[in-house]
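Observations on the model geometry
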Amino acid sequence: MDLVDLSAFLEDNSKNCVIGSDAPESCKSLPCWLGIDEAGRGPVLGPMVYGTCYSPLEKKDKLKEMGFADSKTLSEEQREDRFQTISDNPDVIGWMIDILSPNFISTSMLRRSKYNLNAVSHDSAIGLIRKVLDKGANIAEVYVDTVGDPAKYQAKLCSIFPDLKITVAKKADATYPIVSAASICAKVARDRVVKTWEFPEQLQVEDYGSGYPGDEKTKKFLVNSLDAVFGFPQFVRFSWSTAKKILDEKAATVCWEDDDDESEDKPSKKRKVAASSQSFFEPKVKDKLAERHRYFKERRLSSVSHL
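Presented here is an overview of the structure given in this document. (Residues numbered from 1 in each chain as written. Predicted model: local features only at pLDDT ≥ 70, side-chain atom pairs only at ≥ 80, totals over all residues. Heavy atoms only, no water.)

For the rest of this paragraph, the subject is helix α6 (residues 117–134). With 18 residues, α6 extends 26 Å between its outermost C-alpha atoms, agreeing within 8% with the 26 Å of an ideal straight helix rising 1.5 Å per residue. Taken together, the buried positions of α6 are occupied by L117, V120, S121, H122, S124, A125, I126, G127, L128, I129 and V132. Where α6 is buried, its residues touch β2 (32–39), β3 (48–56), β4 (94–100), α5 (102–110), β5 (139–145) and α7 (150–160). For α6, the N-terminal capping position is held by N116, with its side-chain oxygen 3.1 Å away from the main-chain nitrogen of N118. Two residues or fewer after α6 comes G136, characterised by a positive phi angle close to 95°. (Helix = DSSP H or I, 4+ residues; strand = E, 2+ residues; numbered from the N terminus. Expected span 1.5 Å × (residues − 1). Buried < 20%, exposed > 50% of the residue type's maximum accessible area, 1.4 Å probe, protein only. Contact = heavy atoms within 4.5 Å. Polar contact = N/O pair within 3.5 Å; in protein donor to acceptor, adjacent residues only side chain to side chain.)

Going through the model one piece at a time under the given rule, you end up with 10 aromatic pairs. The interplanar angle of 80° and the centroid separation of 5.4 Å between the aromatic rings of F199 and F235 together place this pair among those described as edge-to-face. Of this pair, F199 sits in the loop between α9 (177–195) and α10 (216–225) while F235 sits in the loop between α10 and α11 (241–250); the two residues are 36 residues apart in sequence, bridging distant segments of the chain. Given the relative accessible area of 12%, F199 is considered buried. The rings of F9, W197, F199, Y208, F221 and F235 are connected pair by pair, giving a single aromatic cluster. Across from the ring centre of W33, 4.5 Å away, lies the NZ or CZ of K60, which sits over that ring. (Phe/Tyr/Trp six-rings, centres within 6.5 Å; stacked < 30°, edge-to-face > 60°. Lys NZ or Arg CZ within 6 Å of the ring centre and 35° of its normal.)

Given below as structure tokens:
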């Protein structure tokens, strides 16, 4: 039996998606500990996934026996094996994952009122705790692998959940088995999403590497997948500095008319550019229908000659 069906996210990978198990009956009647960790914070490609696992406190020794460890120290085969262990013990362990799409991450970080990655991470963790509590789980203790300053993060969580004993620590995934289990859920889910990613842009890609900015295969994919006008496919976190640099170097320069400079006594000013943005929308061959970008097709937009 597989632990998680990712089809809800794969059907529309532009949106975030929360997937989770039912709360085990033992977790409703007995005090539990809950662990939280993430996977995919650093890559320029694909989603970031937050995971949580929870289990009765009296089952702590059993979790140790199951061999949970930080997902980064395990091979892919070992992670899949531990993932299956969670699936095989639904009466002992409950789980939930929050898949944050690269689209969401980038637009959050670039919006006018900044919403940085630490804030995104905190809100995901807070949301998971709330959702597990809403399922009726009797959570008594929470252990979180830190993002940012552990003391400040812990104080923030304690102010939101005053009835819970909360510990935020560095390397919590290597210290607490329940956080290790959460780490494995997050890592395996992200790996599966990345491997099975469907490009709505209909790209045919054989290998985009690890997704980390320093990977040469990933850099090559970024350059080759760039559209001069519309930028990257939504698989790319375009807010990352690696992506920004490629946009600056390879993307088309666009001319924006400065409305603030237009008045009756002041001539209109335009920034000089190498080519007019309008030229990118004109057919290459006048007597042949050009292939239109999916942006226009999806929105049923057509060209007009007069306004």
